[in-house]
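# Secondary and tertiary structure notes
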Amino acid sequence: MLARGLVVTVEIAALSLVIGIALGLVLAVARVAITRKSVPLLVRGLNLPIAFYVDSIRAIPPLVTLVAVYFALPYLGVFLPRFWSAVATFVLVLAAFAEEIFRAGIESIDRGQTEAARAHGLTYLQTMRYVIVPQALRVAIPPLTSRMISITKDVSLASVIGVSDLLKQARAQQALTANPTPLISAAIMFTLLFLPLVRLSMYVERKLKQ
């Protein structure tokens, strides 16, 4: 039962990380692109809803977002299974934080590099793809890995809406056996799951400082 719960936890975490990081990068590039002075004022106005989403999600605890996605969306006619409600929640949360991390990385790159790339005939999108974003990723990796670890740990909140993840399975077995062994076993499994991520984060940070 614990192994089954661990598989569900890993599935939610993997989907949330892949989709959330990709969405965060897209939003960061979009915000940087539409806030340029050369962009029409009407297009620059699109920055407002993106900024509202990012600031709101970062301000709201993930548990509140999870409950809202699962229990509030049906009132709007959107029905998501428990599993996908959890994935959607953690994608939204990670994307909001990743957007700010990527945007800070992009804006830290010297403007002269953008001007030089454009002078060589690259379009704006080509400049972002081949020149700016690769450098921004190096800047963004340390804070991004920390946020990824945090989101992965938050996946245990999915048990609140009935997802049969590792924590829910451990609590169910603890209730059946009337002893804490399942919870202790789950704690060990969580440690084995997260420890490699923590070590990987430290290794990446050391490599980037060299």
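Our structure is the block above this text.
The paragraphs below set out a description of the structure included in this document. (Residues numbered from 1 in each chain as written. Predicted model: local features only at pLDDT ≥ 70, side-chain atom pairs only at ≥ 80, totals over all residues. Heavy atoms only, no water.)

For the rest of this paragraph, the subject is the layout of surface pockets. Rolled over the atoms, a probe with the dimensions of a water molecule shows which regions are left empty. As a volume, the largest pocket reaches approximately 450 Å³. Around the largest pocket sit 16 residues that line it, and Val32, Arg36, Arg111, Thr114 and Tyr124 are the ones nearest its centre. Only α5 (82–107), α6 (111–119) and α7 (124–154) provide two or more residues apiece to the lining of the largest pocket. Sorting elements by how many residues they give to the lining of the largest pocket places α6 first, with four residues. A class-by-class count of the residues in the lining of the largest pocket yields six nonpolar, three polar and seven charged. (1 Å grid on protein atoms, 1.4 Å probe; cavity = no way out; pocket = protein on both sides within 12 Å on 5 of 7 lines; lining within 4 Å. Points joined across faces, edges and corners; volume = space filled by probe spheres on them. Helix = DSSP H or I, 4+ residues; strand = E, 2+ residues; numbered from the N terminus. Nonpolar A, V, L, I, M, F, W, Y, C, P; charged D, E, K, R; others polar.)

Take the pattern of salt bridges next. Scanning all chains against the criterion turns up six salt bridges. Here arginine 58 and glutamate 100 are joined by a salt bridge, their closest N and O atoms 3.5 Å apart. Pair noted here: arginine 58 is in helix α3 (residues 47–59) and glutamate 100 is in helix α5, with a separation of 42 residues, a long-range link. The partly exposed category is assigned to arginine 58, whose relative accessible area is 37%. Of the charged contacts in the structure, one is a salt bridge between glutamate 100 and arginine 103, with a shortest N-O distance of 2.8 Å. With glutamate 100 and arginine 103 both in helix α5 and three residues apart, the pair spans about one turn of that helix. Pair check on accessibility: glutamate 100 and arginine 103 agree, each one buried. Three or more residues joined by partner-sharing salt bridges are found here, namely Arg31, Arg58, Glu99, Glu100, Arg103 and Glu107. (Salt bridge = Lys/Arg side-chain N within 4 Å of Asp/Glu carboxyl O. Buried < 20%, exposed > 50% of the residue type's maximum accessible area, 1.4 Å probe, protein only.)

None of this, on its own, says anything about what the molecule does.
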